[in-house]
Amino acid sequence: MAAPTSQATSADPHVGPRSRRAQRFIVAIAAIAALGGALFGYDTGVISGALPFMEAHFGLTSLGEGVITSALLIGAAFGSLIGGRMSDALGRRDSLLWAGAVFIGGALAVALSPTVAVMTAARFVLGLAVGSASVITPLYLSEIAPPHIRGRLVSFNSLMIVSGQLLAYLINAVLARWEAWRWMLGLAALPAVALFVGLFFLPDTPRWYISKGRRDDAAGVLGRTLPADDVPAELARIDRARSLEAGAQRGAWRQLRTPWVRRLLLVGIGLAAVQQITGVNAVVYFAPKILASTGLGTGAAITATIAVGAVSVLATAIGMSLIDRVGRRPMLITGLAGMTVSLALLGASFHLPHSTAVSVLVLCLMVLYMAFMQATLNTGVWLLLAEMFPLKVRGLAMGAAVFVMWVVNFAVALVFPVLLDLAGAGLTFWFFGAMCVVSLVFCKRYAPETKGLALEDLEHELRRAAGAGEAKEVEEAEEVKEVKEVGENKEVGENKKAEAGEEAEGGLGADEAVPEASAR
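First, a word on scope: everything that follows refers to the structure included in this document. (Residues numbered from 1 in each chain as written. Predicted model: local features only at pLDDT ≥ 70, side-chain atom pairs only at ≥ 80, totals over all residues. Heavy atoms only, no water.)

This brings us to the overall build of the chain. Helices and strands together make up the secondary structure of the chain, namely 22 helices and zero strands. Residues counted as buried form 53% of the 520 residues belonging to the chain. Residue pairs at least 24 apart in sequence account for 85% of intrachain contacts in the chain once pairs closer than 6 positions are excluded. Accessible surface for the chain amounts to roughly 21,700 Å². Of this, 66% is attributable to carbon and sulfur atoms. (Helix = DSSP H or I, 4+ residues; strand = E, 2+ residues; numbered from the N terminus. Buried < 20%, exposed > 50% of the residue type's maximum accessible area, 1.4 Å probe, protein only. Contact = heavy atoms within 4.5 Å. Areas by Shrake-Rupley, 256 points an atom, 1.4 Å probe, with all protein chains shown as cover.)

In this section: the packing of aromatic side chains. Taken as a whole, this structure holds 14 aromatic pairs when the rule is applied. When the centroid spacing of 5.8 Å and the interplanar angle of 5° are considered together, the rings of Phe-350 and Phe-429 count as stacked. Residue Phe-350 is found in the loop between helix H18 (328–349) and helix H19 (356–387), and its partner Phe-429 is found in helix H21 (residues 425–446); the two are separated by 79 residues along the sequence. Of the two residues examined, Phe-350 and Phe-429, each falls in the buried class. Put simply, the rings of Tyr-285, Phe-286, Phe-350, Phe-416, Phe-429, Phe-431 and Phe-432 touch in pairs and so form one group of aromatic residues. Looking at Arg-177, its charged tip hangs above the ring of Trp-178, at a distance of 5.5 Å from the centre. (Phe/Tyr/Trp six-rings, centres within 6.5 Å; stacked < 30°, edge-to-face > 60°. Lys NZ or Arg CZ within 6 Å of the ring centre and 35° of its normal.)

Here Glu-179, not a glycine, exhibits a phi torsion of approximately 55°, which is positive. Counting through the fold element by element, Glu-179 comes out in the loop between helix H8 (150–175) and helix H9 (181–186).

A separate point is the pattern of salt bridges. Applying the stated criterion across every chain yields a total of ten salt bridges. For Arg-92, the salt bridge is made with Glu-143, and the minimal N-O distance between the two is 2.8 Å. Of this pair, Arg-92 sits in helix H6 (residues 92–111) while Glu-143 sits in helix H7 (residues 116–144), and the two are 51 residues apart along the sequence. Glu-143 sits in the buried class, given a relative accessible area of 1%. One network of salt bridges, with partners in common, ties together Asp-88, Arg-92 and Glu-143. (Salt bridge = Lys/Arg side-chain N within 4 Å of Asp/Glu carboxyl O.)

Another point: the nonpolar core. Judged by nonpolar contacts, the single largest core of 140 residues is most densely connected at Met-54, Leu-385 and Phe-429. Considering each element in turn, this core owes the most residues, 16 residues, to H19. Excluding residues within four positions of it along the chain, Phe-429 makes contact with Val-283, Ile-290, Leu-343, Leu-346, Gly-347, Phe-350 and Phe-416. Val-162, Leu-166, Val-313 and Met-320 belong to the second-largest nonpolar core, a separate cluster that totals five residues. (Core = buried A, V, L, I, M, F, W, Y, C linked by side-chain atoms within 4.5 Å.)

Moving on, we come to empty space enclosed by the protein. Under the definition given, this model contains four cavities of 30 Å³ or more. The calculated volume of the largest cavity comes to roughly 160 Å³. Taken together, 18 residues make up the lining of the largest cavity; nearest its centre are Phe-40, Ile-161, Gln-165, Asn-281 and Asn-378. For the lining of the largest cavity, the class distribution of residues is ten nonpolar, eight polar and no charged. Space inside the second largest cavity adds up to approximately 40 Å³. Contributing to the lining of the second largest cavity are Glu-143, Ile-144, Ala-145, Pro-146, Pro-147, Arg-207, Leu-222, Thr-225, Leu-226 and Glu-234. (1 Å grid on protein atoms, 1.4 Å probe; cavity = no way out; pocket = protein on both sides within 12 Å on 5 of 7 lines; lining within 4 Å. Points joined across faces, edges and corners; volume = space filled by probe spheres on them. Nonpolar A, V, L, I, M, F, W, Y, C, P; charged D, E, K, R; others polar.)

A cluster of basic residues, Arg-20, Arg-21, Arg-24 and Arg-224, forms a positive patch on the protein surface. Counting residues per element, the positive patch draws most heavily on helix H2 (residues 20–33), at three residues. Judged by its relative accessible area of 66%, Arg-20 is exposed. (Patch = residues over 30% accessible without salt bridge, like charges linked within 9 Å, V, L, I, M, F, W, Y side chains within 5 Å. Lys, Arg positive; Asp, Glu negative; His and termini not counted. Charge placed at Lys NZ, Arg CZ, Asp CG, Glu CD.)

On to helix H16 (residues 280–292). Residues spaced three or four apart along an α-helix point in a common direction, a consequence of the helix completing one turn every 3.6 residues. Here H16 spans 18 Å end to end across 13 residues, near enough to the 18 Å set by a 1.5 Å rise per residue. The sharpest bend along H16 comes to roughly 85°, located at Phe-286, with the proline Pro-288 sitting one to four residues further on. Those residues of H16 not exposed but buried are Val-280, Asn-281, Ala-282, Val-283, Val-284, Tyr-285, Phe-286, Ala-287, Pro-288, Ile-290 and Leu-291. (Expected span 1.5 Å × (residues − 1). Bend = angle between axes of the 7 residues up to and from the residue.)

Moving on, we get to the packing of H7 against helix H20 (residues 394–422). Interhelical geometry of H7 versus H20 gives an angle of 135° and a closest axis separation of 10 Å. Considering the angle they form, H7 stands oblique to H20. When the axes of H7 and H20 are compared, the crossing they make is right-handed. In contact with Val-130, Gly-131, Ser-134, Val-135, Pro-138, Leu-139 and Glu-143 of H7, H20 contributes Arg-394, Gly-395, Met-398, Gly-399, Val-402 and Trp-406. (Axes fitted to C-alpha atoms, helices over the stretch in contact; angles between N-to-C directions. Parallel < 35°, antiparallel > 145°, perpendicular 65-115°, else oblique. Left-handed = near helix turned anticlockwise from the far one by under 90°.)

Turning next to the packing of H18 against H19. The contact between H18 and H19 brings their axes to 9 Å, and the two run at 155°. Considering their axes alone, H18 and H19 lie roughly antiparallel with respect to each other. Judged by the twist between their axes, the crossing of H18 over H19 is left-handed. Among the residues forming the contact of H18 with H19, the class breakdown is 21 nonpolar, six polar and two charged.

Let us look at the side chain of Arg-92. In this structure Arg-92 comes out as buried when scored by relative accessible area, which is 2%. At 2.9 Å, the side chain of Arg-92 forms a polar contact with the side chain of Asp-88. Residue contacts for Arg-92: discarding those within four places in its chain leaves Ser-87, Ile-136, Leu-139, Tyr-140, Glu-143, Asp-204, Thr-205 and Trp-208. (Polar contact = N/O pair within 3.5 Å; in protein donor to acceptor, adjacent residues only side chain to side chain.)

Moving on, we get to H19. Along its 32 residues, H19 runs 45 Å from first to last C-alpha, staying within 8% of the 46 Å computed at 1.5 Å per residue. The sharpest bend along H19 measures roughly 40° and falls at Gln-374. H19 sits mainly inside the fold: 24 of its 32 residues count as buried.

In structure tokens, the structure reads:
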């Protein structure tokens, strides 16, 4: 357990890096590493503007649109698993370098695809990079950030994701007049090159260096992000966490079978599913299609989507400013309540007659929904997944949670265009609203609060909380068992009484038969 005095020193929001050099270092880390988030956002958002033209070029059906859109997402699901394991083995930085190289090749392959089959395969490969970056980038930022700014720095990755989506919407709107959908897709290679080159100038994280026995490297990185007086305490805290894990002498997969770790993993998987089942990426991928269903033309619908991207960036910035002050749990619960109301109104708006006013109303409600989503749920879930798992299994566990996130994302993207045609937009968005209610109940009951704790102290707190929960479950199970045993004993007693009564009745009948026989 970490010393309270060192935690108080490093977690004080008024104590930060004491030099401009340290501040510049942290900014550089955030900017270069979060390019992975920007690429994640661009590659997922750009398809919304390209799809209408690809539909005409390739003759796509609604199912075909879903297949091309979701190919990247199933690739991302497997990429998240690869990324988690790779980040534990090779390091956070070198794993991001691999993702950057695949981003470059995948973007060019998608842009030059001659057929639907090649396009689908290329987007799957690109998805491997997207999924890897979605795991490694927040992991890297959470482990290299000082505790008092960790929430804001990791949330900066969420800001870069929505900024990447906004950039995609802007480029889509500009290039839509020439129907230049291949350029829309291929321009993703430019920030990928910037990510790949920039990573050569960054170190890996102190926690990963410690896990590989490279204490001097870890101290060097900590010295660039923390005041010199705090470095020994932070090293000692990481060392203690590593010593506990080394003493257990168990691998990551075996560690996941530990009850309290498994409980955290299941909560993390639930949070990942919550982020997707509430419908955010139905709007991100298909906003022009949704707006076109209200009567807007293709060009106008693509341009109107810029509003969704702009509000997403603004809302994420607001969420970043609040997350370390308000806390993770209150943000999730408030956001889900607002999303529920927004989706209920959005579903109702599709039952109105088509008109320009209705198109504007639908756009405003989509923007309201995205504002709640990006300011709270999106920011909070990514941050919790980066914080809540113990160090030894952090990469693997986060990879597993993000794998589920991408699988649910894949399912939504594949089915949404078909649902839109079969059930209509109104019922589809009401379904997402119902999922928000279920998610609200889940988060209120299970989402942990991680505000203000160093990762190693946080691990201790979560272990203690999960242990208390397990003890309570064991106690409840024993009470149920005891009640069941009492019931069984009572039933056995009643059966014995019944058998005794039957024997008494049988004896009485025999005694009565003897005098009757003698009389005869």
